[in-house]
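# Descriptive structure summary
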Amino acid sequence: MTGMADRQGAALSRRTLIGAGIGAAVLTATGAGAAHAGVDSARRRAHTFLAAAMDAYPDHGTIRLAQSYADQAGLFSTAFTYDNALAILALLAARTSDGRTRAVALGDALLYAQQHDPVHTDGRLRQAYNVGPYTFYDGSRQPDGFVRADGTANVGTQFGFTGTAVGDMAWAGIALTALARRTGERRFLDGAVRIGEWVERNGRTGEPLGGYKFGVNGADEKLPFTSTEHNTDLVCLFGRLARLTGDGVWRERRARARAFLEKMWEPDGGFFYTGTNDGVTVNTSPVPEDTQTWTYLALDSRVHARSLDWAARELAVLDHAGRRNSTVPAGQSYEGVTFSSAGLLANEDAPIADSQPRPDRNGVWFEGTAHLALALRERHARGDEARARRLIDSVERAQDLLGAGQTAGGRALPERSGVVAASSPLDTGFGFGYYPYRHVGATAWYLMAAVRSNPLRV
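Notes on the structure in this doc start here. The model shown is predicted, which means the values in this text are computed figures rather than measured ones. (Residues numbered from 1 in each chain as written. Predicted model: local features only at pLDDT ≥ 70, side-chain atom pairs only at ≥ 80, totals over all residues. Heavy atoms only, no water.)

Scanning the protein from terminus to terminus reveals 13 helices and 17 strands. By principal-axis analysis of the C-alpha atoms, the protein measures approximately 55 × 55 × 45 Å. Counting the 458 residues in the protein, one finds 61% classified as buried. Residue pairs in contact within the protein that sit at least 24 positions apart in sequence constitute 71% of those at least 6 positions apart. Summing over all exposed atoms, the protein offers an accessible surface of approximately 16200 Å²; the carbon and sulfur share of this is 49%. (Helix = DSSP H or I, 4+ residues; strand = E, 2+ residues; numbered from the N terminus. Buried < 20%, exposed > 50% of the residue type's maximum accessible area, 1.4 Å probe, protein only. Contact = heavy atoms within 4.5 Å. Areas by Shrake-Rupley, 256 points an atom, 1.4 Å probe, with all protein chains shown as cover.)

This is the structure we're talking about:
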């Protein structure tokens with residue numbers, strides 16, 4: 001999450017990632033016809049990657065989530081709740097029978113995790129789960145798929161992905177409400193309501209800045225941070241629950257989350273701050289990208305629309321092989337945005353974390369680049385569509401040319417399928433990095449940007 005610049009907060013983050021590396025392939029296309037065909041092909045290949053990530057462990061049960069990153073990231077079979085929620089939304093946005101079938105399967109897996117937690121019965125989901133067997137770095141064996149031998153959901157304990165963040169819960173709830181609307185199946189709405197009630201019980205705060213707090217760690221201890229990103233997600237979730245249930249209590253909760261966002265707005269600079277560490281003082285640095293784009297997607301507010309210009313201007317990067325720590329192959333370049341203002345000031349002489357590579361200040365964060373493109377398309381001001389198209393083109397080139405030779409569950413991923421998390425190793429400024437490995441989250445955001453599907457619209 002873009003919660004707080006604190007190691008404790010970073011440890012809970014769905015985005016914590018280890019490892020680095022890159023591959024390359026070559027693709028050329030010319031002519032208007034080829035360009036149009038290339039767009040359709042790019043989307044098909046992205047969906048092929050989502051399917052491969054979902055089907056990486058065919059011998060370990062039909063109840064399954066998608067592995068979030070290629071094996072080369074070093075996270076083994078980790079499936080982040082957030083990434084799988086995005087996969088559901090991207091699959092539904094495709095409006096195909098196969099997409100719907102896969103989205104329903106992932107939604108049912110989230111419901112299974114909610115109903116079969118090994119410790120809790122209160123409707124929570126964990127940060128991540130294991131979806132296939134592996135041997136951990138210390139030699140210990142993790143033998144199960146997503147469903148353990150005792151029937152419980154296989155929580156990602158090896159990496160400490162056992163906490164529950166409000167933002168992850170909100171995205172899962174958003175995905176379940178989308179399934180409820182598309183299928184008419186009550187079980188999805190019931191699961192989303194359980195998520196909303198968990199957030200209300202565990203996140204609501206009476207602190208001066210208000211809103212909903214970060215969540216709990218693996219020991220079920222409440223964390224002190226309050227995140228702009230999380231409360232943005234809740235504006236959508238609570239708004240959808242109000243519509244689908246007809247219960248006015250969700251409108252009050254939505255208003256509470258939105259009021260927190262208003263307090264994070266910096267009118268002089270035209271951007272949103274990241275949140276607060278203590279519920280009293282606004283945390284003014286670093287300033288992340290997603291608090292600028294997601295707020296627009298959720299609020300559709302002309303008053304706050306300048307946040308997109310701030311992100312496009314202040315976080316713009318161009319990565320190419322000539323940069324000091326770039327891992328982009330010679331002859332290639334990628335434009336987009338970085339994760340936060342801190343990424344542009346990263347220490348290029350030191351590794352991002354222990355045993356990790358040195359960062360490239362101009363590494364492109366493709367997930368953020370995709371949701372900036374989508375937000376620009378939603379705003380549709382003068383020049384927005386052209387700018388969005390350039391960003392989407394950059395993401396599509398990355399799918400074509402970066403991340404070759406990577407695997408999921410030990411199986412080769414289809415070539416030129418799936419968007420890597422970053423063009424080169426980048427430091428987020430929140431205690432973790434992103435690297436050039438194929439990623440379900442980045443791929444899902446690309447697909448939604450490509451078809452203009454806003455997942456945060458109520």
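That shown, we press on.
Right, let's talk about the packing of aromatic side chains for a bit. Tallying each qualifying case throughout the model produces 29 aromatic pairs. Both rings, one in F339 and one in F432, keep their centres 5.9 Å apart while their planes meet at 75°; by these two values the pair is edge-to-face. Within this pair, whereas F339 is found in the loop between strand 13 (333-337) and helix 11 (366-379), its partner F432 is found in the loop between strand 16 (426-427) and strand 17 (433-434), the two being separated by 93 residues in sequence. Exposure remark for F432: the relative accessible area of 3% places this residue in the buried category. Through successive ring pairs, a cluster of aromatic residues spans Y69, F76, F80, Y134, F136, Y137, F159 and F161. (Phe/Tyr/Trp six-rings, centres within 6.5 Å; stacked < 30°, edge-to-face > 60°.)

Looking now at the pattern of salt bridges. Under the criterion given, the structure shown has 30 salt bridges. Note that E314 is salt-bridged to R313, the shortest N-O span being 2.9 Å. According to the relative accessible area criterion, E314 is partly exposed, its value standing at 36%. The partner of E396 in a salt bridge is R389, and the shortest N-O contact between them spans 3.1 Å. Under the relative-accessibility criterion, E396 is labelled buried at 10%. R389 gets classed as partly exposed once you look at its relative accessible area, which sits at 23%. (Salt bridge = Lys/Arg side-chain N within 4 Å of Asp/Glu carboxyl O.)

Over its 18 residues, helix 7 (residues 228-245) runs 25 Å from end to end, which matches the ideal 26 Å to within 8%, given 1.5 Å per residue. For helix 7, the N-terminal cap is S227; the gap from its side-chain oxygen to the backbone nitrogen of E229 is 3.1 Å. Taken from the residues just after helix 7, G246 is the one with a positive phi, measuring 75°. (Expected span 1.5 Å × (residues − 1). Polar contact = N/O pair within 3.5 Å; in protein donor to acceptor, adjacent residues only side chain to side chain.)

What follows is about helix 9 (residues 290-299). Counted residue by residue, helix 9 has 10 buried out of 10 residues, so it is predominantly covered. Residues of helix 9 that are buried: D290, T291, Q292, T293, W294, T295, Y296, L297, A298 and L299. Looking at the residues trailing helix 9, positive phi occurs at D300, about 50°.

Quick look at the nonpolar core now. If you look at the biggest cluster of nonpolar residues, it comprises 116 residues, and the most contacted ones within it are L65, F146, W171, L234, F366, W445 and Y446. When residues of this core are assigned to their parent elements, the largest contribution, 11 residues, is made by helix 5 (residues 166-183). Every residue in contact with L65, bar those within four places of it in the chain, is listed here: A53, M54, A79, N84, L106, A109, L110, Y129, V131 and F146. L75, A128, I352 and Y434 belong to the second largest nonpolar core, which has 17 residues in total. (Core = buried A, V, L, I, M, F, W, Y, C linked by side-chain atoms within 4.5 Å.)

Across the sheet, three strands lie side by side as 7-10-11; this open sheet has antiparallel pairing. A strand with exactly one partner marks an edge of an open sheet, and here the two such strands are strand 7 (226-227) and strand 11 (282-283). Where strand 7 and strand 10 (residues 275-276) come together, two bridges link them in antiparallel fashion. What sits directly across from S227, in strand 10, is G275. (Pairing = 2+ DSSP bridges.)

To continue, consider the environment of T245. Within the secondary structure, T245 sits in helix 7. Between the C-alpha atoms of T245 and V193, which are 52 residues apart in sequence, the distance is 8.7 Å. If sequence neighbours within four positions are ignored, T245 has contacts with L189, V193 and W250. A distance of 3.1 Å separates the side chain of T245 from the backbone nitrogen of D247, its partner in a polar contact.

A few words on the pairing of strand 12 (residues 316-320). Regular strands have side chains that alternate between both faces of the sheet. The alternating pattern of strand 12 places V317 and D319 on a buried face and A316, L318 and H320 on a face that is not buried. Direction of pairing for strand 12 relative to strand 13: antiparallel, over a ladder of five bridges. From the neighbouring strand, H320 faces strand 13, where its bridge partner is S333.

Before going further, it helps to examine the packing of helix 10 (residues 306-314) against helix 11. The geometry of a pair of packed helices is captured by two quantities: the angle between their axes and the separation between those axes. With their axes 10 Å apart at the nearest point, helix 10 and helix 11 run at an angle of 140° to one another. Taken together, the axes of helix 10 and helix 11 are oblique relative to one another. Here helix 10 and helix 11 pass one another in a crossing that is left-handed. For the pair helix 10 and helix 11, contact is made by L308, D309 and A312 and by L372, A375, L376 and R379, respectively. Per-class residue counts for the contact of helix 10 with helix 11 are five nonpolar, no polar and two charged. (Axes fitted to C-alpha atoms, helices over the stretch in contact; angles between N-to-C directions. Parallel < 35°, antiparallel > 145°, perpendicular 65-115°, else oblique. Left-handed = near helix turned anticlockwise from the far one by under 90°. Nonpolar A, V, L, I, M, F, W, Y, C, P; charged D, E, K, R; others polar.)

Note that the residue after S285, namely P286, is joined by a cis bond; omega there is -5°. Within the secondary structure, P286 is located in the loop between strand 11 and helix 9. Positive phi outside glycine occurs at F76, with the angle close to 55°. Within the secondary structure, F76 sits in the loop between helix 2 (32-54) and strand 1 (78-80). Residues other than glycine seldom take positive phi values, yet D220 does so here, at roughly 65°. Tracing the chain through its elements places D220 in the loop between strand 6 (215-216) and strand 7.

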